[in-house]
Number of protein chains: 2
Amino acid sequence: MKKWKLSNKKEVLKAKIFKYFTVDVESEVTHKKGTFDIIASFDWVNILALNKAGQFILVKQYRAGTDSITYEFAAGGMEIGEEPLVSAKRELLEETGHTSSNWSHMLSVDVNPAFMVNKCHFFLAQDATKTTDQSLDHLEEIEIIYKSKDEVLNMLDSGEISHSLVALGLNHYFRHN
Amino acid sequence: MKKWKLSNKKEVLKAKIFKYFTVDVESEVTHKKGTFDIIASFDWVNILALNKAGQFILVKQYRAGTDSITYEFAAGGMEIGEEPLVSAKRELLEETGHTSSNWSHMLSVDVNPAFMVNKCHFFLAQDATKTTDQSLDHLEEIEIIYKSKDEVLNMLDSGEISHSLVALGLNHYFRHN
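What you are looking at is a predicted structure, and each value in this text was computed from that prediction instead of being measured.

1. Thoughts on the overall build of chain A
Part 1 of the reasoning: Secondary structure assignment for chain A yields three helices and 10 strands.
Part 2 of the reasoning: Reading chain A from its N terminus to its C terminus gives the helix and strand order β-β-β-β-β-β-α-β-β-β-β-α-α.
Part 3 of the reasoning: Along the first, second and third principal axes, the C-alpha atoms of chain A reach 60 × 35 × 30 Å.
Part 4 of the reasoning: Considering chain A as a whole, with its 177 residues, one finds that 42% of them fall into the buried category.
Part 5 of the reasoning: If you take every contact in chain A between residues at least 6 apart in sequence, the share linking residues at least 24 apart comes to 60%.

As structure tokens, this is what we get:
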């Protein structure tokens, strides 16, 4: 098996949070050929934060994709030139006003290799404390929610926590802890 | 916290595997307002299949999003009017030629509530056997790979398995098994 040959990559559209490209592809093995969709975004970070009481710090917010109110972790897109850990610290601070001096990298994944370019980097922030107010973007409205590990596990298994990336972070965490 | 008010939903573009919409949003609490991106696809299915020897049945293929060759599970988009289990049986058969009489639903998640409409449904197919040849789409070139549970766990923890949804399915599986 070999990587396919790409050619004629075209930026079709620049949306608010991604660019959409098409690219012509051809297998050098079977000579199948066609055109694929590509969505390019900056990498994302997702922060599993625990306070000193061992509670997870969740963010509750309205999400337009599913037209629903979700429970997630502080998360967001990296900015140009940022290292993932810097982005993670910034997003946790902006969305929850919490800081931590106990950070560790959990895992990084490709969001969807079939048609998405970007990665998601997961960090664990332990012993987090609220040191300031939220500093929200003009389209963010976020409630901070504290839940015990048992409560979060129940929310995961009941489907109340439904975001695939949050579910990945939690399943990874609970597999190891 | 309340759901935001949506208006003026517009289909901007129909790509090969998704439609892209914009929608105007307004919070009825803080009266923040703006426009969000929405990507709509059919729901996806992802099949963790094990053969009678207890090996996972992986698919190895080129993926244009990351321009790389990946290890994943048989997976794909649901067709109109299909139930998720029907889609899962169809995708496992088409991509690997395997069937199973021992299916169970593992979990369903929202792929990305922030801007994606669709869900991903995970199924476990045990005691799968190869009953026919692959039946691949005109843009699929897929190698079938058998790996023991220990090998797959190593591939997950080393990052060789990097697709976020495959990693979610596996972390969920290994948390419970």
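2. Here's the deal with the relation of the copies chain A and chain B
Part 1 of the reasoning: Note on the identical chains: chain A maps onto chain B by a rotation of 180° and an axial translation of 0.0 Å, with an RMSD of 0.0 Å. The relationship between the two copies is best expressed as a two-fold rotation axis.
Part 2 of the reasoning: A share of 98% of interface residues in chain A that are also interface residues in chain B marks the association as one of identical surfaces.

3. Quick word on the interface of chain A and chain B
Part 1 of the reasoning: Listed as interface residues are 54 residues of chain A and, on the opposing side, 53 residues of chain B.
Part 2 of the reasoning: In terms of residue count, the dominant contributor to the side of chain A that touches chain B is helix α3 (residues 164-176) of chain A (eight residues).
Part 3 of the reasoning: Taken together, the residues that form the side of chain A that touches chain B break down as 28 nonpolar, 15 polar and 11 charged.

4. Comments concerning the sheet that holds strand β3 (residues 33-40) of chain B
Adjacent strands of a sheet form backbone hydrogen bonds with each other and so pair up, either parallel or antiparallel.
Residue and element names in this part refer to chain B.
Part 1 of the reasoning: Across the sheet, three strands lie side by side as β1-β2-β3; this open sheet has antiparallel pairing. Both outer strands of the open sheet, β1 (5-14) and β3, are each paired with one neighbouring strand and no more. Sheet twist, expressed as the mean angle between neighbouring strand axes with direction ignored, is 25°.
Part 2 of the reasoning: The sheet contact formed by strand β2 (residues 19-26) and β3 spans eight bridges and is antiparallel. Of the residues in β3, the one forming a bridge with valine 23 is phenylalanine 36.

5. Concerning α3 of chain A
Part 1 of the reasoning: Compared with an ideal rise of 1.5 Å per residue, which puts 13 residues at 18 Å, α3 of chain A spans 18 Å between its outermost C-alpha atoms and is within 8% of the ideal.
Part 2 of the reasoning: Counting buried positions along α3 of chain A gives 10 out of 13 residues, so the element sits mostly inside the fold.

6. Side note on the packing of α3 of chain A against helix α3 (residues 164-176) of chain B
Part 1 of the reasoning: Interhelical geometry of α3 of chain A versus α3 of chain B gives an angle of 35° and a closest axis separation of 9 Å. Considering how the two elements wind past one another, α3 of chain A and α3 of chain B form a crossing that is left-handed. Contact with α3 of chain A, carried on its side by Ser164, Leu165, Ala167, Leu168, Asn171, His172, Phe174 and Arg175 of chain A, involves Ser164, Leu165, Ala167, Leu168, Asn171, His172, Phe174 and Arg175 of chain B of α3 of chain B and no other residues of that element.
Part 2 of the reasoning: Looking at the contact of α3 of chain A with α3 of chain B, its residues break down into eight nonpolar, six polar and two charged.

7. Here's the deal with the confidence of the model for chain A
As a general rule, the predicted coordinates of low-pLDDT regions are not to be interpreted in detail.
Part 1 of the reasoning: With 100% of its residues at a pLDDT of 70 or more, chain A has an overall mean of 97.
Part 2 of the reasoning: With pTM at 0.97, the complex prediction returns an ipTM value of 0.97.

8. Focus on the domain arrangement of chain A
Part 1 of the reasoning: What the domain assignment reports for chain A is domain 1 (5-40) and domain 2 (44-176).
Part 2 of the reasoning: Centre-to-centre, using C-alpha coordinates, domain 1 of chain A lies 30 Å away from domain 2 of chain A.

9. A short note on unusual backbone geometry
Part 1 of the reasoning: Backbone geometry at aspartate 67 of chain A places phi at a positive 50°, although glycine is not the residue there.
Part 2 of the reasoning: Position of aspartate 67 of chain A among the secondary structure elements: in the loop between β5 (56-63) and β6 (68-77).

10. Here's the deal with the sheet that holds strand β1 (residues 5-14) of chain A
Residue and element names in this part refer to chain A.
Part 1 of the reasoning: The sheet built from three strands is open, its strands ordered β1-β2-β3 with antiparallel pairing. Both outer strands of the open sheet, β1 and β3 (33-40), are each paired with one neighbouring strand and no more. In this sheet, adjacent strand axes meet at a mean angle of 25° when their direction is disregarded.
Part 2 of the reasoning: Two elements, β1 and strand β2 (residues 19-26), share seven bridges in a ladder whose sense is antiparallel. In the strand pairing of β2, lysine 10 is matched with threonine 22.

11. Focus: the environment of isoleucine 38 of chain B
Part 1 of the reasoning: Note on placement: isoleucine 38 of chain B falls in strand β3.
Part 2 of the reasoning: Judged by C-beta crowding, with 24 C-beta atoms within 10 Å, isoleucine 38 of chain B ranks as buried.
Part 3 of the reasoning: In this view, isoleucine 38 of chain B contacts Ala64 and Gly65 of chain A together with Phe21, Val23, Phe115 and Val117 of chain B; residues no more than four positions away in its chain are not counted.

12. A few points about the environment of leucine 153 of chain A
Part 1 of the reasoning: Position of leucine 153 of chain A relative to the elements: it lies in helix α2 (residues 149-158).
Part 2 of the reasoning: In sequence terms leucine 153 of chain A and glutamine 126 of chain A are 27 residues apart; their C-alpha atoms lie 17 Å from each other.

13. Describing the environment of glutamate 151 of chain A
Part 1 of the reasoning: Looking at the secondary structure, you find glutamate 151 of chain A in helix α2.
Part 2 of the reasoning: Distance from glutamate 151 of chain A to leucine 124 of chain A, taken between C-alpha atoms, is 18 Å for residues 27 residues apart in sequence.

Analysis parameters
- Residues numbered from 1 in each chain as written.
- Chains lettered and ligands numbered in written order.
- Predicted model: local features only at pLDDT ≥ 70, side-chain atom pairs only at ≥ 80, totals over all residues.
- Helix = DSSP H or I, 4+ residues; strand = E, 2+ residues; numbered from the N terminus.
- Buried ≥ 20, exposed ≤ 12 C-beta atoms within 10 Å, placed from the backbone.
- Contact = placed C-beta atoms within 7 Å.
- Least-squares fit on C-alpha atoms with pLDDT ≥ 70 in both.
- Nonpolar A, V, L, I, M, F, W, Y, C, P; charged D, E, K, R; others polar.
- Pairing = 2+ DSSP bridges.
- Axes fitted to C-alpha atoms, helices over the stretch in contact; angles between N-to-C directions.
- Expected span 1.5 Å × (residues − 1).
- Left-handed = near helix turned anticlockwise from the far one by under 90°.
- pLDDT = per-residue confidence, 0-100.
- Domains from an automatic or database assignment.

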